[in-house]
Amino acid sequence: MSLLPQSRFPPQARLFFHLLFMSVSLRSVSYPMKLALSMMFGGRCELCGEITAFEFVCSRCLLRLPYVDERMRTENRILQRFEGAIPICRAYSLLYYVKGQQSQHIVTAIKYRSAQAFGEWAGTFIADDALSSGIFDDIDLLQPIPLHILRLLQRTYNQSVLIARGIRKRTGIPVASLVRRQKYRMSQTRFHAVERRENVVGAFEGQRKAILKALDEKDRKGKTRLNIALVDDVVTTGSTIINCARAIMQAIPERADEICFTVISLAISGRSQIGAVTSEKLNLPDATISNEEFLALQHRPLS
């Protein structure tokens, strides 16, 4: 599967103009010709501003993005952020999130510059890249990390929903609404690791009826586990995704062991920072509570 995203034109036309653009620098083309090419075959690259026959990002910038080299592996260091904390099946992140680099520009554009079409494009890019890895083969539902209603009114859209819609376009996997954000909190971008974790504790509430309906559908298909893909734009400590997953399990404690999660994100924080979040790093006694301990707490009778 090619890393280059789909454009609006047939494959033959895309290939022709890709080869043309790779062999002839657009800087040597006159402005009227650039304008004509932009109107006919694409637009300006969101990252470098050059005319491109592709949607949103030119082929030169696509080749320079900081891709996560082990993203296709079944076992990877992305997975380590969640192992033991939630029942995790697979984990995938397309890019390393590096401040000041192009990966940050992509996330910022989708999150804060109302680039909604760019967000869906990112989702299709993820799907095109990851399809060959088989990560989507067993996923039943795509669950975007929800925003609080006040945050949603402020931004007018949820960037994680846009990414999930883009994935749905390529895979056909339905986008679900199994959890809602019940507490309005400050943006995670302002906090360090410990503060990020504390900021999302109790922030989510699982929707019991919707989850039970999904589990019943799983039973009708004869599957033993419901695989829910949690979709987010950026993974930093993993606290948001962990708390979201636990809210889903808390809503149906009697059937929580029938659920597993796949984590899919556009980006994950810098190369040197990948690794499991441990109690030593966070200096919190319950930071690494295992999934087994968590499930036991859900079944504990109330005093």
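Above this text sits the structure in question.
Read on for an overview of the structure. In this text, all values refer to a predicted model and were calculated from it rather than measured experimentally.

**What to know about the state of the cysteines**
Step number 1: Under the definition given, this model contains one disulfide.
Step number 2: Covalent S-S linkage joins Cys89 and Cys260, the inter-sulfur distance amounting to 2.4 Å. The sign of the -130° torsion about the S-S bond sets the Cys89-Cys260 disulfide as left-handed. Of this pair, Cys89 sits in strand 3 (residues 88-97) while Cys260 sits in strand 8 (residues 259-269), and the two are 171 residues apart along the sequence.

**A look at the sheet that holds strand 7 (residues 226-235)**
Step number 1: Taken together, the four strands give an open sheet; going across it, the order is 3-8-7-4, and neighbouring strands pair in parallel fashion. For this open sheet the edge positions go to strand 3 and strand 4 (141-144), each flanked by a neighbour on one side alone. Each strand of the sheet is rotated relative to its neighbour by a mean of 20°, with strand direction disregarded.
Step number 2: When strand 4 meets strand 7, the two strands line up parallel, connected through four bridges. Counted as the bridge partner of Pro144 is Val231 from strand 7.
Step number 3: Each of strand 4, strand 7 and strand 8 touches helix 8 (residues 159-171); the most contacted strand, strand 7, lies at about 125° to it.
Step number 4: Lying on the sheet, helix 10 (residues 208-220) is in contact with strand 4, strand 7 and strand 8; it crosses strand 7 at an angle near 130°.

**Re the nonpolar core**
Step number 1: One finds Phe136 and Leu266 to be the most contacted residues of the largest nonpolar core, which totals 38 residues.
Step number 2: By residue number, the principal contributor to this core is helix 6 (residues 116-130), which donates seven residues.
Step number 3: In contact with Phe136, other than residues within four places in its own chain, are Ala127, Ala130, Leu131, Ile167, Thr171, Ile173 and Ile264.
Step number 4: Ranked by size, the runner-up nonpolar core spans 37 residues in total, among them Ala91, Leu230, Ala247 and Val263.

What counts as what
Residues numbered from 1 in each chain as written. Predicted model: local features only at pLDDT ≥ 70, side-chain atom pairs only at ≥ 80, totals over all residues. Heavy atoms only, no water. Disulfide = S-S within 2.5 Å. Helix = DSSP H or I, 4+ residues; strand = E, 2+ residues; numbered from the N terminus. Pairing = 2+ DSSP bridges. Axes fitted to C-alpha atoms, helices over the stretch in contact; angles between N-to-C directions. Contact = heavy atoms within 4.5 Å. Core = buried A, V, L, I, M, F, W, Y, C linked by side-chain atoms within 4.5 Å. Buried < 20%, exposed > 50% of the residue type's maximum accessible area, 1.4 Å probe, protein only.

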